[in-house]
Amino acid sequence: TGDTVYWNGSDSIDLSSPVWITVYPYDGISTKTYEVWINIHQVNPDSMVWELYSGLIGGKSFSEMKVLSYNDLYYMYAKEGSASGAGVECKLYTSSDMIKWERTPMTGMVENTVLSRITEYEHARYAFAADGKLFRSVDGQDWLLVEGAPSIQVLIGSIPENSKTGGNPVLSGISKVDETLRFVVMNENMEWQTGTIVPASFPLSGFGALNYEAMYYPYLSVSGGRDSENNLSAMTWSTM
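Here the structure is a predicted model, which means the values were calculated and not measured. (Residues numbered from 1 in each chain as written. Predicted model: local features only at pLDDT ≥ 70, side-chain atom pairs only at ≥ 80, totals over all residues. Heavy atoms only, no water.)

S.K.: Explain the overall build of the protein chain here, please?
M.R.: The helix and strand inventory of the protein chain stands at zero helices and 17 strands. For the protein chain, the C-alpha radius of gyration of 25 Å lies well beyond 18 Å, the compact-globule estimate for 240 residues. Counting only C-alpha atoms and orienting by the principal axes, one finds that the protein chain spans roughly 80 × 45 × 35 Å. Buried residues in the protein chain amount to 29% of all 240 residues. Surface exposure of the protein chain reaches about 16000 Å², of which carbon and sulfur atoms provide 52%. Both charge centroids of the protein chain, one from 15 positive and one from 28 negative side chains, sit 9 Å from each other. (Helix = DSSP H or I, 4+ residues; strand = E, 2+ residues; numbered from the N terminus. Rg over C-alpha atoms; globule rule 2.2 N^0.38 Å. Buried < 20%, exposed > 50% of the residue type's maximum accessible area, 1.4 Å probe, protein only. Areas by Shrake-Rupley, 256 points an atom, 1.4 Å probe, with all protein chains shown as cover. Lys, Arg positive; Asp, Glu negative; His and termini not counted. Charge placed at Lys NZ, Arg CZ, Asp CG, Glu CD.)

S.K.: Is there a simple way to explain a negative patch on the surface in this structure?
M.R.: A cluster of acidic residues, Glu-122, Glu-161, Glu-188 and Glu-191, forms a negative patch on the protein surface. The topology assignment puts Glu-188 in the loop between β13 (180–186) and β14 (192–197). (Patch = residues over 30% accessible without salt bridge, like charges linked within 9 Å, V, L, I, M, F, W, Y side chains within 5 Å. Salt bridge = Lys/Arg side-chain N within 4 Å of Asp/Glu carboxyl O.)

S.K.: It is not clear to me how the sheet that holds strand β4 (residues 73–80) should be interpreted in this structure. Could you clarify?
M.R.: Strand pairing within a sheet occurs via backbone hydrogen bonds; the two strands may be parallel or antiparallel. On the basis of which strands lie adjacent, the open sheet formed by four strands has the order β3-β4-β5-β6 and antiparallel pairing. The open sheet is flanked by β3 (62–70) and β6 (102–104), the only strands paired with a single partner. Each strand of the sheet is rotated relative to its neighbour by a mean of 30°, with strand direction disregarded. Taken together, the six bridges between β4 and strand β5 (residues 90–95) define a ladder with antiparallel strand orientation. By the bridge assignment, Tyr-77 is partnered in β5 with Leu-92. (Pairing = 2+ DSSP bridges. Axes fitted to C-alpha atoms, helices over the stretch in contact; angles between N-to-C directions.)

S.K.: Even after reading the chapter, I still don't get the pattern of salt bridges, so can you show me in this structure?
M.R.: Between side chains of opposite charge, a pair can form as their charged atoms come close. Applying the stated criterion across every chain yields a total of five salt bridges. We note a salt bridge from Glu-80 to Lys-60, for which the minimum N-O separation is 3.7 Å. On the criterion of sequence distance, the pair formed by Glu-80 in strand β4 and Lys-60 in the loop between β2 (32–35) and β3 is long-range, its members being 20 residues apart. The class of Lys-60 is partly exposed, set by a relative accessible area of 30%. Salt-bridge contacts for Glu-89 lead to Arg-103; the nearest nitrogen and oxygen are separated by 3.3 Å. With a gap of 14 residues between them, Glu-89 in the loop between β4 and β5 and Arg-103 in strand β6 connect regions that are remote in the sequence. Each of Lys-60, Glu-80 and Lys-91 takes part in salt bridges that share partners, so that together they form one network.

See the structure below:
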């Protein structure tokens, strides 16, 4: 009758135009209105469908790689072959479409750089080497040693600035302090602060890191990977 629907199990609602449901409490005075949304998934919502975008670059195979986007270009840092240890040169390829790649000159990146953990922070890229040295590049091509940095064992990721709360951006990592692994952060002035001891079950390699925002606060989340005992982790960690 009018704008009221009395629901029953065999009823139906026409969703070809916007539909709202208004909820009334017992007093019949206060109300809360919800707009009805119907999401039709084209694929299984519990999985992600992947398709091959492009083949190998000139038939090359890489033992380690990382792709970042910057200034409308894709930067691929890669080590060729089946080994990723000493003696394997780090190479840079760039592309505008991720199909055609060109070898691009690069200086300053050492052979034992851990490519998989290259991290973007404050308009620059940071990478650490297996010996704990930290390097920085503004253009993605020329890398310089970061003076005064602690011995970096892992680069975790970064947390962006929060304009709503005034939170400052930081680069997050793990350093060895007096033979103990501790969390460390670097601020935009390249000043370092040491945090708590790294839990034994925290991943040190092979993990995925993601920035996201919830209730106006930025977070850095870490999932999966392997811990210091090389145990495969099924945990997710998060920090503000």
